[in-house]
Amino acid sequence: MTPGQLQRAWVLQAQADAERGVLECRMCHRRGPLEETTTLWRNGLLVFSLCDRCAASHDVVFSPTPAGVEVRARRRSPVELVAQEVPRVPGRR
């Protein structure tokens, strides 16, 4: 198979997966169409998919390893936790 044929086969497989609804973000597990997903393929196999929502809020780094691909993600901005004060009942301490 030539590199062009292999690329076309990957695209066709990804499209078939998206039509079946199996492309799922590996971070948030939300399913989405191919147009809204970044995918990483290795040797003709889908090894990682990332939805646009997670990609917009994380810096993602892919590194090849002898066993496959290592994926690391770091949030771009800190998570803000908002705490509310517990309402007090009059006459109780």
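Residues numbered from 1 in each chain as written. Predicted model: local features only at pLDDT ≥ 70, side-chain atom pairs only at ≥ 80, totals over all residues. Heavy atoms only, no water.

Caption draft 1: The overall build of the chain, seen in detail. Of the regular secondary structure elements, the chain holds 2 helices and 4 strands. Going from the N terminus to the C terminus, the chain shows its helices and strands as α-β-β-α-β-β. When each of the 93 residues of the chain is scored for burial, the buried share is 15%. Across the chain, every contact between residues at least 6 apart in sequence was considered, and the portion connecting residues at least 24 apart equals 20%. Accessible surface, the chain: about 7,700 Å² in total, of which carbon and sulfur atoms supply 53%. (Helix = DSSP H or I, 4+ residues; strand = E, 2+ residues; numbered from the N terminus. Buried < 20%, exposed > 50% of the residue type's maximum accessible area, 1.4 Å probe, protein only. Contact = heavy atoms within 4.5 Å. Areas by Shrake-Rupley, 256 points an atom, 1.4 Å probe, with all protein chains shown as cover.)

Caption draft 2: Up close: the nonpolar core. With 5 residues, the main nonpolar core is built from Cys25, Phe48, Leu50, Cys51 and Cys54. Counting residues per element, this core draws most heavily on strand S2 (residues 45-51), which supplies 3 residues. Residues contacting phenylalanine 48, with those up to four places away along its chain left out, are Arg26, Thr38, Thr39, Leu40, Phe62 and Val71. (Core = buried A, V, L, I, M, F, W, Y, C linked by side-chain atoms within 4.5 Å.)

Caption draft 3: Representation of the packing of aromatic side chains within the structure. By the definition in use, this model includes 1 aromatic pair. Look at phenylalanine 48 and phenylalanine 62: their rings are 5.4 Å apart centre to centre, the planes differ by 75 degrees, and that puts the pair in the edge-to-face class. Here phenylalanine 48, found in strand S2, pairs with phenylalanine 62, found in strand S3 (residues 58-65); they are 14 residues apart in sequence, far enough to count as distant. The exposure class assigned to phenylalanine 62 is partly exposed, which follows from its relative accessible area of 33%. (Phe/Tyr/Trp six-rings, centres within 6.5 Å; stacked < 30°, edge-to-face > 60°.)

Caption draft 4: Spatial organisation of the pairing of strand S4 (residues 68-75). As paired elements, S3 and S4 share 8 bridges and run antiparallel to each other. Within S4, the position partnered with aspartate 59 by the bridge is arginine 74. (Pairing = 2+ DSSP bridges.)

Caption draft 5: Representation of a nonpolar patch on the surface in the model. A cluster of nonpolar side chains, namely Phe62, Val69 and Val71, defines an oily patch on the protein surface of about 190 Å² accessible area. Along the chain, valine 69 turns up in strand S4. Classification of valine 69 by relative accessible area gives partly exposed; the value is 31%. (Patch = residues over 30% accessible without salt bridge, like charges linked within 9 Å, V, L, I, M, F, W, Y side chains within 5 Å. Salt bridge = Lys/Arg side-chain N within 4 Å of Asp/Glu carboxyl O.)

Caption draft 6: Highlighting the confidence of the model for the chain. On average, the chain scores 79 in pLDDT, and the residues at 70 or more come to 88%. Across the chain, the element-wise mean pLDDT spans from 72 in helix H1 (residues 3-20) up to 91 in helix H2 (residues 52-57). (pLDDT = per-residue confidence, 0-100.)

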